[in-house]
Structures are given as structure tokens and as C-alpha cells.
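Remarks on the overall topology
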Amino acid sequence: MMRLKDIIQQFGRSLLLPIAVMAPIGMILGISGALGQEYMIEKLPFLGHTIIQTIINSLGDITAIVFNNIPLLFAMGVAYGMSKNEKGIAVFASVLGYLTLMIVMNVYLSVTGTLEADPEKLSQVGQGVILGIQTLRIDAFGGIIAGLIAAKVADRFYKLELPLAFAFFGGKKSVPIITFLVMIPVGLIIPIIWGYFTQFLLSISFIFLNEHFGVGVYWFAHRALIPFGLHHVLASIVRFSEAGGVYLIDGQKYIGILNATNKILFELGPSHESWNRLMPDLTKYLASGQMLITLFRIPAIGLAMYHTAFASNKTIAKGTILTVALTAFLGNVTEPIEFSFLFIAPVLFIVYAVLSGIMALPLNFLDVSIGYIRGTIFDFGIFGLLYENTNWYQLVLLGIVNFIVFYVVFRFTITKFNLKTPGREAVIKNVNLLKEKRYPEIASIVIEGLGGKENITNVDNCVTRLRIDLVDDEKVDKEKLKDSGTSGMFMAQKNHIHVVFGPHVEFIRNAVDESLKK
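None of the values given here were measured: they were computed from a predicted structure. (Residues numbered from 1 in each chain as written. Predicted model: local features only at pLDDT ≥ 70, side-chain atom pairs only at ≥ 80, totals over all residues. Heavy atoms only, no water.)

1. Some details on the overall build of the protein
Quick reminder of the rule: Only runs of H or I of at least four residues qualify as helices and only runs of E of at least two qualify as strands under DSSP, and these elements are numbered from the N terminus. Here the globule rule reads 2.2 Å times residues to the power 0.38, and the radius of gyration is calculated from C-alpha atoms. For the exposure calls, accessible area comes from a 1.4 Å probe over protein chains only, and a residue counts as buried if that area is under 20% of its type's maximum, exposed if over 50%, partly exposed in between.
A count of helical and extended segments in the protein gives 22 helices and eight strands. Its C-alpha radius of gyration of 25 Å places the protein within 12% of the 24 Å reference for a compact globule of 518 residues. Expressed as lengths along the three principal axes of its C-alpha atoms, the size of the protein is roughly 85 × 60 × 50 Å. Every one of the 518 residues in the protein was classed for burial, and the buried ones make up 53%.

2. Things to note about the side chain of H496
Worth spelling out the cut-off: In the analysis that follows, any N or O atom pair within 3.5 Å is treated as a polar contact, provided that within protein one partner can donate a hydrogen and the other can accept it, and provided that, for residues neighboring in sequence, both atoms belong to side chains. Whether two residues touch is decided by their heavy atoms; if any such pair falls within 4.5 Å, the residues are in contact.
Following the sequence through the fold, H496 ends up in strand 8 (residues 496-500). Residue class for H496 comes out buried when judged on its relative accessible area of 10%. Side-chain polar atoms of H496 contact the side chain of H498, separated by 3.1 Å. Not counting residues up to four positions away in its chain, the partners in contact with H496 are R467, I468, D469, F490 and M491.

3. Digging into helix 20 (residues 439-449)
Taken residue by residue, helix 20 has Y439, I442, A443, I445, V446, I447 and G449 as its buried positions. Looking one or two residues past helix 20, G451 carries a phi angle of roughly 100 degrees, positive in sign.

4. Some thoughts on the environment of S205
With respect to the helices and strands, the residue S205 is situated in the loop between helix 8 (174-203) and helix 9 (214-224). On the accessibility criterion, S205 (8% relative accessible area) is buried. Sequence separation between S205 and Y218 is 13 residues, and the spatial gap between their C-alpha atoms is 8.9 Å. Among residues more than four places away in sequence, those in contact with S205 are I237 and A243.

5. Let's talk about the nonpolar core
Our working rule: Buried Ala, Val, Leu, Ile, Met, Phe, Trp, Tyr and Cys residues form a nonpolar core when they are joined through side-chain atoms within 4.5 Å.
Membership of the largest hydrophobic core comes to 111 residues, with the highest contact counts inside it found for I301 and Y352. If we skip the residues at most four places from it in the chain, Y352 touches R223, I293, I298, I301, E338, F341, F406 and F410. The next biggest cluster of nonpolar side chains, apart from the first, holds 24 residues, and it includes L470, I508, A511 and V512.

6. Digging into the pattern of salt bridges
For clarity, the threshold we go by: Between Lys or Arg on one side and Asp or Glu on the other, a salt bridge is scored when a side-chain nitrogen of the former is within 4 Å of a carboxyl oxygen of the latter.
Under the defined criterion, the tally for this structure stands at 10 salt bridges. Residues K480 and E448 are paired through a salt bridge, measuring 3.8 Å at the closest nitrogen-oxygen approach. A residue pair is termed long-range when its members are at least 10 positions apart, and K480 in helix 21 (residues 478-482) and E448 in helix 20 qualify at 32 residues. Judged by relative accessible area, which is 49%, E448 ranks as partly exposed. A salt bridge links R509 to D513, with the nearest nitrogen and oxygen atoms 2.7 Å apart. You can see R509 and its partner D513 sitting in helix 22 (residues 505-517), four residues apart, about one turn around the helix. One salt-bridge network, in which partners are shared between bridges, spans E436, R438 and E441.

7. Quick word on the pairing of strand 1 (residues 127-130)
This is how it is decided: Between any two strands, pairing holds if DSSP finds at least two bridges.
In this structure, strand 1 lies alongside strand 2 (residues 133-136), joined through four bridges in antiparallel fashion. The residue of strand 2 that forms the bridge with Q127 is L136. Here strand 1 folds back onto strand 2 in antiparallel fashion, the turn holding two residues, of which L131 has a positive phi close to 55 degrees.

8. Here's the deal with the packing of aromatic side chains
The way to describe two aromatic rings as a pair is by their centre distance and the angle between their planes. In plain terms, the rule: Note on ring pairs: Phe, Tyr and Trp rings are taken, using the six-membered ring of Trp, and paired if centres are within 6.5 Å. Classes follow the plane angle, with under 30 degrees stacked, over 60 edge-to-face and the rest tilted. Two limits define a charge over a ring: the Lys NZ or Arg CZ must be within 6 Å of the ring centre, and within 35 degrees of the ring normal.
Within this structure, the stated rule accounts for 16 aromatic pairs. Summarising the aromatic geometry, the rings of F341 and Y352 are spaced 5.8 Å apart at their centres and angled 85 degrees between planes, so their arrangement reads as edge-to-face. Residue F341 is located in helix 15 (residues 335-342), and its partner Y352 is located in helix 16 (residues 346-358); the two are separated by 11 residues in the primary sequence. When its relative accessible area of 0% is taken as the criterion, Y352 is described as buried. Aromatic ring contacts, followed pair by pair, group F341, F349, Y352, F406 and F410 into a single cluster. It is R156 that lies over the ring of F157; its NZ or CZ is 4.9 Å from the centre. Stacked on the ring of F168, the Lys or Arg K173 has its end atom at 4.8 Å from the ring centre.

9. Points about the side chain of T283
Along the chain, T283 falls in helix 12 (residues 273-283). We classify T283 as buried; its relative accessible area is 0%. Every residue in contact with T283, bar those within four places of it in the chain, is listed here: S288, G289, V368, S369, I370 and G371.

10. Looking at the confidence of the model for the protein
The line we're drawing: Confidence of the prediction at every residue is given by pLDDT, a number between 0 and 100.
Predicted confidence across the protein gives a mean pLDDT of 86, with 92% of residues reaching 70 or more. Ranking the elements of the protein by mean pLDDT puts helix 1 (residues 2-14) last, at 61, and helix 18 (residues 392-416) first, at 97.

11. As for a nonpolar patch on the surface
Filter applied, for reference: Only residues whose relative accessible area exceeds 30% and that take part in no salt bridge are eligible for patches, with like-charged residues grouped when within 9 Å of each other and nonpolar side chains (Val, Leu, Ile, Met, Phe, Trp, Tyr) grouped when within 5 Å. For accessible areas, the Shrake-Rupley method is used with a probe of radius 1.4 Å. Any residue's cover is judged against the shown protein chains and nothing else.
A cluster of nonpolar side chains, L162, F166, F168, F169, I177, F180, L181, I184 and L188, forms an exposed patch at the surface whose accessible area comes to about 820 Å². Assignment of secondary structure puts L162 in the loop between helix 7 (139-157) and helix 8. A residue is classified by how much of its surface remains accessible, and L162, at 34% relative accessible area, is partly exposed.

In C-alpha cells, the structure reads:
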């Protein structure tokens, strides 16, 4: 059981590298996206200047490439974090494996005649164009699969010996080749499973429009499906198909929630009779529901994590938590904070999804009419404050209640079950060493705690930990290691120890390497 727990925690930590990249870039993407919208330019005309728009659009294009390829980032991050040996070749194999997965799924869809020909309907069937390949959108899940397989193959086969005639393809070269071969059957199986999931969502889509509990079921399912990428399918079904309802506006029928919203929001306006009649029911599946998440729930979760972090770790945890919370608040990008506890503390993700459904139910009884589909503070300002008849204050009141509930529940759950959210890995005994960046001193203590230079055979690091191979793990002095300012340590396997230093780890590793050379 402890071994499984260690693996899960290692897997969770391996996601921190792509999450760390997504957080600051997500803020830039969110701001550039908001400032580039036509409705924002109408309200703030100076934004329409050619130079300003060129800068904004360029920033949007540059940062979007990261979020358009999140699965690839996860593939590399997981491969790096989960592999024990030959991390470089594992990362290389993960990229090859992910590309193979994408094209194999494309081949499956083509052969079975299920490759969607209409670009406007791709999202409704869970398909999209990824790295130039039309395939299934399984998002981060696909990257994680590729990363895990590449890491496992790398550890198992990096010393593979082949007959002399094939010797060139042995050893490390065999890792990407084997990963490629393994991903072929995986790529053929996933579309079958995804097809069943998609059909299931279609079959129960009527539940999401139930006037009493539909919005709660929708937002629960939307959050719960995020790890698998299927939330795109769910959203598209409700937004663009008959499953989202058929609405009569000025004698014309509009299919799907978003099509009806677009007509009312951008053409008819708040004075039209359809605004009060339809908008509260439409927008609860769009911006109103999303804003509860990005503007209130995510900040509440971040604050709960910060307050439950150990006192000596708060300084380090604060920067990480604040960044991922702002990424959602400013950019409508919630994945960084969701993935920060999804695998490290999966019980929290279950609580998160369930609460998201329950706390959305009051939207049934309110008259909130805030479009559009995004949930940033900028969209709240434009569609909530500047439009008439939005009843934005009702959303704020409900949001405050959401904030309190999520904060209390998350804080209780984290402390009750001692969950290892950011800042809770362990109490840092000598935190001043890290605060003052006394890396050579830390390195000296680490080497002494590990039994001296002669007991160390190799030093490596991942995103948060030193990974050190030893001659004899019996010589390790854990009490001495605690004096280094580490937030935790564990023996991953015989004669191989991990020492946790968080974001300082790379600098400490460099100091250790320099000390070992003396």
C-alpha cells in the first residue's frame, strides 16, 4: 500500500513541471484574449489602435501554442518525473509515443468511417485538429498515457541487448522503438472506449436541461470529465445541438444554448423580451456557471491550501498557489490548480466536482444573465457590469457563498485527512537556509547527511527533489538531512533516496555537484 501511495505521489509531482509552465503563460493568454475581443474594443476604443492590437494578438498567438499542446507538455513532464533511468530518452520516447497515439486514432476513425468531415461539428463528436492531425481530443489524458508508457519502457528496456545483427537498435535506442509499437494497440483501443463515453453523454443529455437539477448535474459532469478531455464533448453537445434545447426567438428557431445566446446577446440586446425570458436559463450553462468557478471557487481553494500549508512552507507555497489562482481569475484557465490536487489528493477532486454541481443549483432560482462563455474578471466587467439587466450582484452574492463553502470544505478536508497539497509535504526544519539561498551550505549538509562523498554515486533532480544513488543507504543520517531545510525525504528504492527542496532544487543540485568535484 505504501508503495502504491509513493507511486501516486510521484506521479502527482511529475505534473508540476507542465503546471508550472501553464500558470504564468495562462495569465498572459487570458489578458491578451480579453483585450483582443471586439466587445472590449467597443468599450475601450484605444485598444483598437493597430500597434496595440498587433501586440495583443501576437502575445495571444505565442502563448496559445502552449495551451494548444498541453497534452504534449504532460507527456514530457510525466515521462521525466516517472522514469528512474535515462530520463532524456524517456522524454524523447514520450513525444514519439504521443504523436503515434494521435495518428493511430486518426487511422482508426478513417477506417471506421467516423472521421467527422464538417469542421464545425468536430467538437460535438470529441474530435479536433492536434499538431495537424484530425483525431480524438483526449487532452491531457493522452499525454499522460504516452508519458507513463515511455517512462515504463525506458526503465525496463534501456539496457536491452539484441542479437548482433540488430545490436544497433538495442540499449537506449530500443526505448522509442518499443514505445512506438506499444502505442499502436493503445491508439486502437482508446477510440472504442471514447466512443462509448460519447454515446453515453448523448444518451443522458436530456438530464442536463432538467429545470430542477439539470444545471447541477451539468457542472458536476463538466468538472469530473476534465482529466479525460470529455468536458469539451459535453459542452459542445449542450451548446450546439438539439440536446441543448431549441429556442424560439422572434419566430425563428435556434438550436443549442450558445446559438440562442449569441442571437440575444449580440443582436437583440437587454431590452428585447427574450432577454428576461431566456437569458437566465441559457447563461447558467455558460459564463454565469463558469464565473462561479474562476472568480470564487478557485481563489477559495487557493486560500484554503495556503492557510493549511505548514508555517515554515508558506513562503514557498504562496507564490505557486497565487499564480495558479490568478491564472483562473484572469485567464479562465483552471487546469493548473485542478491538476495540482487531482493526483496528489484525488479525494479533493471528487469533493470539488460534487460541490461544483451542488453549488450551481441556486442559479435555477436567480435571474443572472451574464454572457458569454468565458469566466474571467474581464468578462464579468464587460458582460456583467456594462450590460443592462444582468443582475450581476446576484452572481456576486452566490459567489461569496460559494467562496465560503469551498474554503471551509477544502480546509477541513485537507487537515482532516492530512492531504499533501502544496506546502504540506513536511515541516521544513531550517527554512532560513532556503530563504537566504545559502545553497553551498545546504549542499554540504546534504552530502554529510548522505554519508559523505564516497557514499554518493549519482546526483539528479526532478522538479522538486534531489534524486541520489547511494553505495549504502544504511549510512544515511535523516536527522542531519533535516538540518538542510528539506521539506521531506524518502527511499524510493534500495540505495536511492529522494530529498525534497521544492523550487530551490535545481540550485541545490548545482551546489551539490560543485561540492562533489572538490
